[in-house]
Amino acid sequence: MSQTLEAPAIALEKVNKWYGTMHVLRDVTMNVAQKERVVVCGPSGSGKSTMIRCINRLETHQEGRIIVDGTELTDDLRALDTIRREVGMVFQSFNLFPHLTILENCTLAPISVRKMPKAEAEELAMDFLRKVKIPEQAKKFPGQLSGGQQQRVAIARALCMKPKIMLFDEPTSALDPEMIKEVLDTMVSLAESGMTMVCVTHEMGFARMVADRVVFMDRGEIVESGTPARMFEDPQTDRLKLFLSQILRGH
Amino acid sequence: MTPPTADVMDATTPAPLRERPPASVYGPVAWMRANLFNGIFSSLVTLILGFLILYGLYGFIEWGVVNAVWSVPRTATGALDPTSCRLVHGLGACWAAIGDKWRFMLFGRYPYGQQWREALCLLLFIGLYWVSADRRFWRRELGLIWVATLVVIFTLMWGGVLGLSYVAQDEWGGLPITLILATFGLALAFPLSVLVALGRRSTKLPAVKMLCVVYVELIRGVPLVALLFMANVMFPLFLPEGVNIDKLLRAQIAFILFAGAYLAEVVRGGLQALPKGQAEAADALGLTYWQKTMRITLPQALRLVIPPLVNTFIGFFKDTSLVLTIGILDFLTTSKTAMADPVWQGVSTEIYIVVALVYIAFCYTMSSYSRGVERTLDGARNR
């Protein structure tokens with residue numbers, strides 16, 4: 001594995017989180033190396049979304065350390081700004097800004113956060129919209145696009161900030177089956193470009209194709225992790241076996 | 001796939017004969033059938049209501065037009081002779097009273113010879129609304145236009161400079177007072193309300209949040225009249241000796257605080273209604289709090305609450321008439337004072353009708369403008 005020499009892109013050390021009295025993350029420890037592609041899976045309520053949202057502090061952890069790209073996540077706002085600039089996120093429900101055009105959705109952050117000149121930001125946005133194969137929709141509003149197109153715009157919007165790390169929180173779960181493929185294709189080509197990725201998903205085909213490592217979570221803790229082939233063909237724990245059998249039965 | 005064009009259709013299939021739909025399906029007759037005479041009960045209601053409306057209309061035209069007195073002769077001494085009005089009392093309207101009293105209704109006790117100044121202020125206000133309503137003028141310069149107009153209006157009202165004679169604030173009255181209170185009240189209450197709404201939703205600043213909650217709950221818990229009394233009587237007691245804030249300004253401040261509290265809750269409702277994901281997406285992109293608020297959450301929230309916002313605006317516009325309780329003469333009060341003229345005894349309905357028409361003109365303009373804005377915004381994003 002490549003994570004021995006370089007500093008990891010993301011490091012979680014014994015992270016704990018509670019919602020009230022409910023323990024949602026238990027001693028989660030995980031390293032993601034530069035350019036590594038990690039798929040996180042697990043039953044619903046296992047804490048995988050919470051974990052990924054802690055990485056850019058949409059949720060705050062209460063114990064342990066999270067270090068992203070060499071910066072530790074604390075209450076320090078400047079550290080948070082640095083991290084959010086370097087970490088892009090794609091949500092299950094797209095969360096495009098409905099009152100802005102597709103192009104404006106993509107240029108807003110580069111212009112106001114990175115202080116990029118408007119023309120340059122638009123050029124960059126069109127580049128990424130071409131990469132996700134919808135440059136012709138640039139002048140439309142999100143409400144006029146299909147779910148798959150919206151999610152691809154969301155990916156382009158995140159990429160426009162030129163992040164070092166991309167987080168995906170169940171990016172295909174809100175999509176109709178025929179649109180899942182177009183989003184996954186986009187993610188595969190992104191993975192091939194060498195982006196560091198952490199992806200919460202149930203798409204095992206995607207995991208097999210691009211993941212360097214699969215992490216299985218259940219009840220707030222990491223139960224097992226390993227290469228996709230090892231995880232799927234030779235699960236060590238009963239919980240993973242059960243989960244895989246349920247997933248496979250569903251497909 | 002594109003639909004086949006007319007040419008293609010002509011070539012392959014004969015064009016269908018397009019007849020007009022029969023009168024029973026389309027047109028005024030069909031409309032009346034469906035909406036007015038749809039069954040026995042509906043027909044009965046239509047006939048009864050139709051009769052009542054026509055009867056009322058007939059009575060009003062007879063009173064307001066046929067039997068009405070439009071002008072009265074002058075006596076030898078030059079005073080108006082209202083005898084003809086007295087004769088038709090109860091049978092016909094006395095519009096002559098409006099002809100005599102309209103200047104008092106509009107301008108109150110403002111010196112008669114100087115009333116053109118108040119008239120000019122009215123025109124300036126209407127011009128200001130007109131410019132502000134036009135999206136082409138929605139730029140930074142609009143703020144400057146507002147400040148400039150404000151300065152001009154108060155210079156005109158007060159005078160004392162540029163050769164204009166000084167008019168004490170006690171003598172101001174009529175429609176300009178109503179517009180001053182409503183315009184500056186709303187123009188300042190709105191930004192205040194946005195700040196309060198944001199403060200009340202703040203999670204990181206508990207002290208600010210507390211302050212906003214206390215402000216909203218305190219002000220909402222007090223009737224406007226009580227607030228005006230406080231502004232008029234109690235507020236000067238808190239000021240140091242010798243400092244005296246103008247009565248109109250005190251009422252204006254009370255209005256701003258009052259409207260601010262109500263509008264803040266409307267704005268908060270809009271912010272609350274936004275999906276959480278919008279703010280999260282803005283956070284994830286690294287936008288600062290103010291960038292997120294000004295570009296993402298606030299524009300969407302305000303668009304959502306246009307109807308209740310305008311509702312509050314209209315209610316507040318009419319509430320300005322409550323300043324009569326502290327002795328400021330707004331349009332409604334000067335109009336009521338006009339009724340007290342012994343010459344025009346018994347003339348009140350006519351004056352109330354005119355007052356109502358003026359209020360309706362302003363309120364209806366507001367509501368139809370807001371509907372226009374909603375339509376434009378809806379069209380822009382096609383959601």
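Coordinates for the structure precede this section.
For clarity, every value in this text was computed on a predicted model and none was experimentally measured.

The rules behind each value
- Residues numbered from 1 in each chain as written.
- Chains lettered and ligands numbered in written order.
- Predicted model: local features only at pLDDT ≥ 70, side-chain atom pairs only at ≥ 80, totals over all residues.
- Heavy atoms only, no water.
- Helix = DSSP H or I, 4+ residues; strand = E, 2+ residues; numbered from the N terminus.
- Buried < 20%, exposed > 50% of the residue type's maximum accessible area, 1.4 Å probe, protein only.
- Contact = heavy atoms within 4.5 Å.
- Buried area = accessible area lost by both parts, 1.4 Å probe.
- Salt bridge = Lys/Arg side-chain N within 4 Å of Asp/Glu carboxyl O.
- Polar contact = N/O pair within 3.5 Å; in protein donor to acceptor, adjacent residues only side chain to side chain.
- Pairing = 2+ DSSP bridges.
- Axes fitted to C-alpha atoms, helices over the stretch in contact; angles between N-to-C directions.
- Parallel < 35°, antiparallel > 145°, perpendicular 65-115°, else oblique.
- Left-handed = near helix turned anticlockwise from the far one by under 90°.
- Nonpolar A, V, L, I, M, F, W, Y, C, P; charged D, E, K, R; others polar.
- Phe/Tyr/Trp six-rings, centres within 6.5 Å; stacked < 30°, edge-to-face > 60°.
- Lys NZ or Arg CZ within 6 Å of the ring centre and 35° of its normal.

1. What about the environment of Pro82 of chain B?
Residues and elements named next belong to chain B. Looking at where Pro82 falls in the secondary structure, it is placed in the loop between helix 3 (40-66) and helix 4 (83-87). The buried category is assigned to Pro82, whose relative accessible area is 11%. Once the C-alpha coordinates of Pro82 and Gln114 are considered, the two residues, 32 residues apart in sequence, prove to be 27 Å apart.

2. A closer look at the interface of chain A and chain B
On the side of chain B, 20 residues touch chain A, which itself brings 24 residues to the contact. Interface of chain A and chain B: buried area, both sides summed, is about 2000 Å²; carbon and sulfur atoms make up 62% of it. In terms of surface lost to chain B, no three residues of chain A exceed Phe97, Pro98 and His99 of chain A, which account for 26% of the buried area on that side. Where chain A touches chain B, the interface holds 1 salt bridge. A salt bridge links Arg53 of chain A to Glu280 of chain B, with the nearest nitrogen and oxygen atoms 2.6 Å apart. Remark: the boundary between chain A and chain B carries 6 residue pairs in polar contact (both at pLDDT 80 or more). When residues of the side of chain A that touches chain B are traced back to their parent elements, those giving at least two are strand 6 (87-90), helix 3 (102-112) and helix 5 (147-159) of chain A.

3. Section: the side chain of Thr293 of chain B
Residues and elements named next belong to chain B. The topology assignment puts Thr293 in helix 13 (residues 289-304). Side-chain polar atoms of Thr293 contact the backbone oxygen of Tyr289, separated by 2.8 Å. Those residues in contact with Thr293 that sit more than four places away from it in its chain are Leu198, Leu298 and Pro299.

4. Quick notes on the pairing of strand 7 (residues 165-169) of chain A
Residue and element names in this part refer to chain A. Counting buried positions along strand 7 yields 5 of 5 residues, so the element is predominantly enclosed. What you see with strand 7 is no split at all: Ile165, Leu167 and Asp169 on one side and Met166 and Phe168 on the other are buried throughout. Pairing of strand 6 with strand 7, which is carried by 4 bridges, proceeds in the parallel orientation. Considered in strand 7, the bridge of Met89 is made with Leu167. Summarising the sheet, strand 7 and strand 8 (residues 196-200) pair through 5 bridges and their orientation is parallel.

5. Side note on the sheet that holds strand 2 (residues 22-32) of chain A
Backbone hydrogen bonds are what pair the strands of a sheet, in a parallel or an antiparallel way. All names here are of chain A. As summarised here, the arrangement of the 4 strands in space is 2-1-4-5, forming an open sheet in which the pairing is antiparallel. Taken across any chain shown, the strands that pair with only one partner, and hence form the sheet edges, are strand 2 and strand 5 (71-72). In this sheet, strand 5 lies alongside strand 4 (residues 63-68) in antiparallel orientation, the contact comprising 2 bridges. Pairing of Val68 across the sheet is with Thr71, part of strand 5.

6. Section: the packing of helix 11 (residues 247-273) of chain B against helix 14 (residues 306-319) of chain B
Residues and elements named next belong to chain B. As a packed pair, helix 11 and helix 14 sit with axes 10 Å apart at the nearest point and diverge in direction by 165°. In terms of orientation, helix 11 and helix 14 fall into the roughly antiparallel class. The handedness of the crossing between helix 11 and helix 14 is right-handed. Facing helix 11, whose interface residues are Phe255, Ala259, Tyr262, Leu263, Val266 and Val267, helix 14 presents Pro308, Leu309, Thr312, Phe313, Phe316 and Asp319. Taken together, the residues of the contact of helix 11 with helix 14 sort by class into 10 nonpolar, 1 polar and 1 charged.

7. Overview of the packing of aromatic side chains
Evaluation of the coordinates by the stated rule reveals 18 aromatic pairs over all chains. Taking 6.4 Å as the distance between ring centres and 85° as the angle between the ring planes, the aromatic pair formed by Phe190 of chain B and Phe313 of chain B counts as edge-to-face. Taken together, the residues span a long stretch of sequence, with Phe190 of chain B in helix 8 (residues 175-201) and Phe313 of chain B in helix 14 at a distance of 123 residues. An aromatic cluster is defined as three or more aromatic residues linked by ring pairs; in this entry it consists of Phe125, Tyr129, Phe154, Trp158, Trp172 and Phe184 of chain B. The cationic tip of Arg157 of chain A hangs over the ring face of Phe97 of chain A; the distance from NZ or CZ to the ring centre is 4.5 Å. Geometry around Phe104 of chain B places Lys101 of chain B over its ring, the cationic atom sitting 5.5 Å from the centre.

Limitation: the analysis is restricted to geometry and does not speak to function.
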